[in-house]
Amino acid sequence: MSVQITLPSLHPGQQRIEDHPARHKMLRCGRRYGKTKYGIAKAAKTALEGGKVGWFAPTFKYTQEAWRELVRRLRPVCELEGGRVSEQDKRLELPSGGLIEVWTLEGNEDVARGRDYDLVIIDEAGLVGNLATLWEAAIEPTLIDREGQSLFLGTPKGARTPFNVMFAEAEMGVDPEWAAFHGKTVDNTTIKNVVEKIAKAKLRAERRGTLPLFYQEYEGVPADDGSNPIGLAAIRAVVAEASKRPTVAWGVDLARAVDYTVVTGLDQLGQWTEQHRFQNDWGPTKRKLLDLCGTTLPVIMDSTGVGSPIVDDLQLAGMNVEGFVFSRKSRGALIEDLITAIHGKRITIPGGITQAELESLGIERNSETNFTKYTVPDGMHDDCIMSLALAWRCFSYYADTPDWRPEKRELPWMQDEDGARILESDADAEFSALGEGW
Ligand SMILES: Nc1ncnc2c1ncn2[C@@H]1O[C@H](COP(=O)(O)OP(=O)(O)OP(=O)(O)O)[C@@H](O)[C@H]1O
Ligand SMILES: [Mg+2]
């Protein structure tokens, strides 16, 4: 017996995503772009070919739309021998051996434990507050056995969710397995008179003074919800290409267990020149920092915990570096100086991850102690922000004067064996004995 299944044919905006060779794809689109529809077509096709698919959505309500359509489209095949539909488990089994399971992410930190998939789809990823953690701890591991693919589908809701920073990282091409796609509602050619409809919505938004919301909902650009202590417009106003003038000041945030070492340079006008983001053992990290920052220009470097011996070693190796110890108070003051610089347009910043990290910044006030804390979303890093803030501190303390000249410095240690030993020594080994927090 044969049955006929119809799957939606893709509109051109969906097709370009489908044709892209990346293993992990992130779509940040306007509403009604056809994200869910594309996900459904892809999930169904994968399962019909015998693949295993995990579908994830932020709440039960969001899973229902996809579940119902998947069942509607695939029921005829699932009713053949070897097929099964389980409403209870939200699980479709196909005679091909293919499988689709639908999961809600709400309160489900162990989602899909014990499963392995060829494809995972995360619908409405812009609404998942702990997306980065869930991805790393629960969803990505399901792809290891089968070298599976992933598809993140989302419209942003404010800038304070991990989706935006993950999207920026994918967009920057840091990892060639990842790709990022923008999509506007107007690109959904299956909606009748879409161009006219969107033009009208834009006019309405202009009249009401709600254009940022229009850009978020129809073009996938995060809107300011008032929770960012800098303001998204102020951040976007200082995003610029790298300055071609020489660097005069450096800021370095050192990697901790899970994040990156980030190096940012500023020129004599406070405009960013270079940014480097990497992970390595301490020996190669020190050598790279010395290569990048040299021995004449001032550097301010995170010297918290394990940073302290790194800064010491680099000082001995000739670097003009000063340590900065992060505490709740010093971190806050450092960020506030950066905020003032951004508001005064005294600095320019890189787009991409740095911009996304700054846009994801939030503020918490303790009403009892009146203490202010700057936070990033769950599972996210602040290493680009900190590197930039340290560079700004370095610039404003040491380079922001009209008669500033790089200082000529002697290099007592660089040439001999001691210098080599200092750079090669691995602080990880020396300090791991000190336990957590280093
Ligand atoms: N390839 C397609 N073929 C036919 N119709 C499509 C296709 N893609 C999208 N559509 C239609 O466009 C509309 C929006 O699609 P869909 O619900 O997938 O968008 P979405 O981006 O998930 O929207 P939302 O942001 O509301 O979740 C729906 O009516 C859907 O049927
Ligand atoms: Mg949808």
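Scroll up a little and you will see the structure.
Structure report, in brief. (Residues numbered from 1 in each chain as written. Chains lettered and ligands numbered in written order. Predicted model: local features only at pLDDT ≥ 70, side-chain atom pairs only at ≥ 80, totals over all residues. Heavy atoms only, no water.)

To continue, consider helix 2 (residues 35-48). The end-to-end C-alpha distance of helix 2 is 20 Å, a good match for the 20 Å that 14 residues give at a rise of 1.5 Å each. A large share of helix 2 lies buried, amounting to eleven of its 14 residues. Among the residues of helix 2, those classed as buried are Lys35, Thr36, Tyr38, Gly39, Ile40, Ala41, Lys42, Ala43, Ala44, Thr46 and Ala47. Just downstream of helix 2 lies Gly50, where phi reads positive at about 100°. (Helix = DSSP H or I, 4+ residues; strand = E, 2+ residues; numbered from the N terminus. Expected span 1.5 Å × (residues − 1). Buried < 20%, exposed > 50% of the residue type's maximum accessible area, 1.4 Å probe, protein only.)

This brings us to the sheet that holds strand 6 (residues 119-122). Read from one edge of the open sheet, eight strands run 3-4-5-2-6-7-1-8, paired in mixed fashion. Pairing within the sheet leaves two strands with one partner each, and these edge strands are strand 3 (84-86) and strand 8 (178-183). Here the average twist between neighbouring strands, direction ignored, is 10°. Sheet analysis places strand 3 next to strand 4 (residues 91-93), joined by three bridges and oriented antiparallel. Bridge pairing in strand 4 places Val85 opposite Leu92. Relative to strand 8, helix 1 (residues 12-19) is tilted by about 175°, and along the sheet it contacts strand 1 (24-29) and strand 8. Contacting strand 1, strand 2 (52-57), strand 6, strand 7 (149-154) and strand 8, helix 4 (residues 131-139) runs over the sheet at an angle of about 160° to strand 6. (Pairing = 2+ DSSP bridges. Axes fitted to C-alpha atoms, helices over the stretch in contact; angles between N-to-C directions. Contact = heavy atoms within 4.5 Å.)

This paragraph deals with the pairing of strand 11 (residues 272-278). In terms of strand pairing, strand 10 (residues 261-267) meets strand 11 through six bridges, oriented antiparallel. If you follow Leu266 over to strand 11, its bridge partner there is Trp272. Hairpin remark: strand 10 followed by strand 11, antiparallel, with four residues in the connecting loop; positive phi at Gly270, about 85°.

Our focus in this paragraph is the sheet that holds strand 9 (residues 247-253). Spatially, 11-10-9-12-13 is the arrangement adopted by the five strands of the open sheet, whose pairing is mixed. Every other strand in the sheet has two partners, leaving strand 11 and strand 13 (321-324) as the edge strands with one partner each. Direction aside, neighbouring strands of the sheet carry axes that sit 15° apart on average. As paired elements, strand 9 and strand 10 share six bridges and run antiparallel to each other. Across the sheet, the residue bridging to Asp253 is Val262, located in strand 10. Together, strand 12 (299-302) and strand 13 form the strand contacts of helix 10 (residues 307-316), whose direction differs from that of strand 13 by roughly 170°.

Moving on, we get to the packing of aromatic side chains. Overall, the coordinates contain ten aromatic pairs when judged by the stated rule. Pairing Phe152 with Trp178 gives two aromatic rings, centres 5.7 Å apart and planes at 40°, and the pair type is tilted. Linking Phe152 in strand 7 with Trp178 in strand 8, this pair joins segments that are 26 residues apart in sequence. With relative accessibility at 0%, the residue Phe152 sits in the buried group. Residues Phe214 and Tyr215 carry aromatic rings whose centres are separated by 5.5 Å and whose planes lie at 75° to one another, so their mutual orientation is edge-to-face. Residue classification places Tyr215 among the partly exposed residues on the basis of a relative accessible area of 28%. Each member of the aromatic cluster is reached from another via a ring pair, and the members are Trp135, Phe152 and Trp178. (Phe/Tyr/Trp six-rings, centres within 6.5 Å; stacked < 30°, edge-to-face > 60°.)

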